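# Reading the structure
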Amino acid sequence: MSSTSMAALDGEGLRAREALAVAVRAGFEGAGYAPVSAPVMQPADIFLDMSGEDIRRRMYVFADPAGEELCLRPELTIPVCRLYLEGAGGPKKLCSVGAVYRYQQKGSAKLREFTQAGLECLDAADAEAADAEVISLAARALADAGLKNYEIEIGDLALFDALVDALDLPPGWRSRLKRHFWRPDYFRELLARLAAGDAGDETGDKQALISALAGLDEERAKDVIEDVLKLAGIAPVGGRTVEEVAERLLEQAELASSSVPRAAAELISGFLAVSGTPKECIARIKALTGGAGVSIDAAIARFERRMELTAKAGLDLSRAHFATGFGRNMAYYTGFVFEFRVAALGVDAMICGGGRYDDLLSALGAASPVPAVGCAVGIERLLAAVAKEAGK
Ligand SMILES: N[C@@H](Cc1c[nH]c[nH+]1)C(=O)O
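Note that the structure is a prediction, hence the values are computed from the model and not measured.

Take the UniProt feature "binding site: L-histidine" (unreviewed entry) in the chain next. UniProt tags Glu75, Leu76, Thr77, Arg102, Gln116, Glu120, Arg328, Tyr332 and Tyr333 as "binding site: L-histidine" (unreviewed entry). Residue placement: Arg102 occurs in the loop between strand S5 (93–101) and strand S6 (113–122). Examined against the element boundaries, Tyr332 turns out to sit in the loop between strand S9 (321–323) and strand S10 (336–341). On the basis of relative accessibility, which here comes to 6%, the residue Tyr332 falls in the buried class. One polar contact links Tyr332 to Glu75, side chain to side chain, over a distance of 2.4 Å.

The element strand S12 (residues 372–378) is extensively covered by neighbouring structure, given that 7 of its 7 residues are classed as buried. The alternating pattern of S12 places Ala372, Gly374, Ala376 and Gly378 on one face and Val373, Cys375 and Val377 on the opposite face, and all of these are buried. Across 7 bridges, S6 lies against S12 in antiparallel orientation. Bridge pairing in S12 places Leu119 opposite Cys375. By the bridge criterion, 5 bridges tie strand S11 (residues 350–356) to S12 in an arrangement that is antiparallel. When the sheet's bridge partners are listed, Gly353 is paired in S12 with Ala376.

Inspection of every chain in the model, using the stated rule, returns 8 aromatic pairs. Geometrically, the ring pair formed by Tyr60 and Tyr103 is edge-to-face, given 6.4 Å between the ring centres and 75 degrees between the ring planes. Of the two residues, Tyr60 is situated in the loop between helix H3 (53–57) and strand S3 (61–63) and Tyr103 in the loop between S5 and S6; the sequence distance between them amounts to 43 residues. Relative accessible area serves as the criterion here: at 34%, Tyr103 is assigned to the partly exposed category.

A cluster of like negative charges, contributed by Asp217, Glu219, Asp223 and Asp227, occupies part of the molecular surface. Along the chain, the position of Asp227 falls in helix H10 (residues 218–231). Since its relative accessible area comes to 45%, Asp227 is described here as partly exposed.

Formed by 96 residues in total, the largest nonpolar core has its most connected members in Phe28, Ile154, Phe338, Phe340 and Ile351. Sorting elements by how many residues they give to this core places helix H5 (residues 127–144) first, with 8 residues. Each residue touching Ile154, except ones within four places of it in the same chain, is listed here: Ile135, Pro278, Phe303, Met307, Leu317, His321, Phe322, Ala323, Phe326, Phe336, Val337 and Phe338. Judged by nonpolar contacts, the second largest core, of 9 residues, contains Leu213, Ala246, Leu249 and Leu250.

Definitions and cut-offs
Residues numbered from 1 in each chain as written. Predicted model: local features only at pLDDT ≥ 70, side-chain atom pairs only at ≥ 80, totals over all residues. Heavy atoms only, no water. UniProt positions renumbered as here; feature names shortened; annotations may be inferred. Helix = DSSP H or I, 4+ residues; strand = E, 2+ residues; numbered from the N terminus. Buried < 20%, exposed > 50% of the residue type's maximum accessible area, 1.4 Å probe, protein only. Polar contact = N/O pair within 3.5 Å; in protein donor to acceptor, adjacent residues only side chain to side chain. Pairing = 2+ DSSP bridges. Phe/Tyr/Trp six-rings, centres within 6.5 Å; stacked < 30°, edge-to-face > 60°. Patch = residues over 30% accessible without salt bridge, like charges linked within 9 Å, V, L, I, M, F, W, Y side chains within 5 Å. Areas by Shrake-Rupley, 256 points an atom, 1.4 Å probe, with all protein chains shown as cover. Salt bridge = Lys/Arg side-chain N within 4 Å of Asp/Glu carboxyl O. Lys, Arg positive; Asp, Glu negative; His and termini not counted. Charge placed at Lys NZ, Arg CZ, Asp CG, Glu CD. Core = buried A, V, L, I, M, F, W, Y, C linked by side-chain atoms within 4.5 Å. Contact = heavy atoms within 4.5 Å.

Okay, structure coming up:
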């Protein structure tokens, strides 16, 4: 399937896609997930703020006649969580099928409009059991569709968070490292500077500005930067350029005024280089943290328990590949993350993905925390993977 629109399918392809979407949802319903249908048009700001850079760059954003900024949903999780919050007291296990929209550059073989079948498990008391249930249901959906061969990639952001929390870092660095986990290139740059104990090599006017900012609190510093940009006639785009420029400059100010112990920086780099089978990786993480006298035992115990429960549910995660630096492309994840991949599909290899997002519902307005985990199957990709396996 190489077209950029799902409307280009022929009759047979159309029926196959619809049948598979219905079958995957039926599997989720059979496991106790109530079907819901969320609007295709959504308020843009929520997605701009919460889905992360990759999705943000691919969103279709437009204004309605009243001037309200809307978008075509780029995924189903945020729409389904919004529905859940509107219908307070409703079911907490929800599933949904529908079209989602993500811009792709001209010439890209990826679809701009494609079908997801997703499930969201909200407010479960036992987080690890819910994680295990969701990844097992994802695997079952693929098996029911007839797919046999795939790889599983897993990660756990809670391990990274625990590490950053356990280290002795200068103020501001914890949240910054966690936030920038989602911008891999910039994150590496930050880490390299941190590991080198680099206080920044800025000279002249920029250094003067950085020194001036270092003395101000964050809000005040942002105001100053905004004024400077306005004076220079630089127009912010949707308020974001100013925010991002301000953030960068503040980071440089903090880098210049604080130093992170080299050992801590090296531990973070060493930790983020860990990948392999989950078992090997956990042993390596234990050795790394133990050697440094840092304890992230609670997070490791949760990881191990999740693995056991998943194995009990019938999915052999020892076949999975784990990487500490694996985080998916959605910024709302807070813990366990996973993807099912079929390498033969090339750029479309990722046929199903999901993870835990414990802070999203609070950010959407929930009065008290609602832990959550879910996943989505890409229907066109699953169809292509099954066809490929059958040699079609
Ligand atoms: N919405 C995610 C999948 C997911 C569902 N729930 C949690 N994650 C995606 O589009 O990849």
